[in-house]
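Observations on the three-dimensional arrangement
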Amino acid sequence: MAVIVGIVIALGAIFGGFALEGGHLAPLFQPYEFMMIAGGALGAFVIANDGKSRQAVYDALPSLFQTARQTRALYVDLMSLMFELLTKARREGLMAIENEIDNPQSSPIFLKFPLVMADPHLVEFITDYLRLIINGNIDIYQIENLMDNEIDVHHQDGELAINAIHKVAEALPAFGIVAAVMGVVHTMASVGLPPAELGNLIAAALVGTFLGILLAYGVFGPIASLLERKLQESTGVLQCVKVTIIASLNGYAPSLAVEFGRKVISAKQRPSFAELESILRPGKR
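If you're wondering where the values come from, they're calculated on a predicted model, not measured in any experiment.

Broken down by element type, the protein carries 11 helices and zero strands. Going from the N terminus to the C terminus, the protein shows its helices and strands as α-α-α-α-α-α-α-α-α-α-α. Relative to the globule expectation of 19 Å for 285 residues, the C-alpha radius of gyration of the protein, 27 Å, shows a markedly less compact shape. Across the 285 residues that make up the protein, the buried fraction comes to 37%. A separation of at least 24 residues holds for 73% of the contacts in the protein among residues at least 6 apart in sequence. Charge-centre separation for the protein: the mean point of 20 positive side chains lies 10 Å from the mean point of 27 negative side chains.

In structure tokens, the structure reads:
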């Protein structure tokens, strides 16, 4: 919704201000100029991106209209889940959580936290590394390095859509100039027309430059920035899990391991120490 509201505000302010200062909106309606700009940008997008990048863009666009998943409530659920798993493993041994890890969809512990379960990638990240710890005698530094590598890959995959859209935003002003030049060529080839008609042709040519810049900085640039922010937030959740697991492997009690994870949460989503302690305290959940 914020994306739609933002676009409406931007377009309303620009076109509204133009109309209020006495401008006429009719000359701004130039479908052929828009066709040249949009078609040129779309063609460049297809040329510059392989199937994987194009699919990443198609998959990322719906997230623009979804509310952020990385909320304080999600982090509270995540910290609570990690605390329960680590506590059970500490009290009963690592094998005690094997069934929970192998079948999270039917695990009584996982099912307590629907916000975590709503993110399959997050669940997979948690279960994969706990399974590695259960099944193999892997060095802590190897586990940490493997986690870092997977988080890097996750970030790189997310950047495919961001980079593709950002490149389109960078190219749109140039395509606006191309459309304007084509309009000028058409105008120069029509010098025999009356001045009023030539004026309309020149206005149509200038609209091309206007549309290219407007779409670049008013639509596609902000979309790329929003997707980048969403990627950073999804990466932050994985970092939180990583820090918690590594702290546990280093011998810290579950309550302290969870506190390590809490400290890497963004301040806007981070639950306070007292809030988290009251939730994790036995009998309070």
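Axis separation between helix α2 (residues 31–48) and helix α9 (residues 195–249) bottoms out at 9 Å; the angle between their running directions is 45 degrees. Between α2 and α9, the angle is such that the two are oblique. For the pair α2 and α9, the crossing hand works out as right-handed. Contacts between α2 and α9 pair E33, F34 and I37 from the former with A204, A205, G208, L211, G212 and L215 from the latter. Taken together, the residues that form the contact of α2 with α9 break down as six nonpolar, two polar and one charged.

Another aspect to go through is the UniProt feature "transmembrane region" (unreviewed entry) in the protein. The UniProt record annotates "transmembrane region" (unreviewed entry) at residues 29–48, 171–189 and 201–220. The span residues 171–189 carries 95% helix and 0% strand; its end-to-end C-alpha distance comes to 27 Å. As annotated, residues 201–220 comprises 100% helix and 0% strand, and the C-alpha atoms at either end are separated by 27 Å.

What follows deals with the pattern of salt bridges. According to the stated counting rule, one finds 10 salt bridges in the structure shown. Among the ionic pairs, E84 bridges to K112, the shortest N-O distance being 3.1 Å. Placement of the pair is E84 in helix α4 (residues 72–92) and K112 in the loop between α5 (98–102) and α6 (114–117), with a sequence separation of 28 residues. When its relative accessible area of 19% is taken as the criterion, E84 is described as buried. One network of salt bridges, with partners in common, ties together D102, D128 and R131.

On to the packing of helix α3 (residues 51–60) against helix α8 (residues 140–188). Running from N to C, α3 and α8 point in directions that differ by 90 degrees, and their axes come no closer than 8 Å. The angle between α3 and α8 falls in the class roughly perpendicular. In contact with K52, S53, A56, V57 and A60 of α3, α8 contributes D157, L160, A161, A164 and I165. Looking at side-chain class alone, the contact of α3 with α8 contains seven nonpolar, one polar and two charged residues.

A few words now on the packing of aromatic side chains. Enumeration over the complete set of coordinates arrives at three aromatic pairs. Centroid distance Y252 to F260: 4.8 Å. Interplanar angle 40 degrees. Geometry classified as tilted. Look at Y252 and you get partly exposed, because its relative accessible area is 37%.

This paragraph deals with the side chain of N49. Relative to the elements of secondary structure, N49 occurs in the loop between α2 and α3. In this structure the side chain of N49 is engaged in a polar contact, spanning 2.9 Å, whose partner is the backbone oxygen of F45. When neighbours within four sequence positions are excluded, N49 is seen to be in contact with R54 and A164.

Basis of the calculations
Residues numbered from 1 in each chain as written. Predicted model: local features only at pLDDT ≥ 70, side-chain atom pairs only at ≥ 80, totals over all residues. Heavy atoms only, no water. Helix = DSSP H or I, 4+ residues; strand = E, 2+ residues; numbered from the N terminus. Rg over C-alpha atoms; globule rule 2.2 N^0.38 Å. Buried < 20%, exposed > 50% of the residue type's maximum accessible area, 1.4 Å probe, protein only. Contact = heavy atoms within 4.5 Å. Lys, Arg positive; Asp, Glu negative; His and termini not counted. Charge placed at Lys NZ, Arg CZ, Asp CG, Glu CD. Axes fitted to C-alpha atoms, helices over the stretch in contact; angles between N-to-C directions. Parallel < 35°, antiparallel > 145°, perpendicular 65-115°, else oblique. Left-handed = near helix turned anticlockwise from the far one by under 90°. Nonpolar A, V, L, I, M, F, W, Y, C, P; charged D, E, K, R; others polar. UniProt positions renumbered as here; feature names shortened; annotations may be inferred. Salt bridge = Lys/Arg side-chain N within 4 Å of Asp/Glu carboxyl O. Phe/Tyr/Trp six-rings, centres within 6.5 Å; stacked < 30°, edge-to-face > 60°. Polar contact = N/O pair within 3.5 Å; in protein donor to acceptor, adjacent residues only side chain to side chain.

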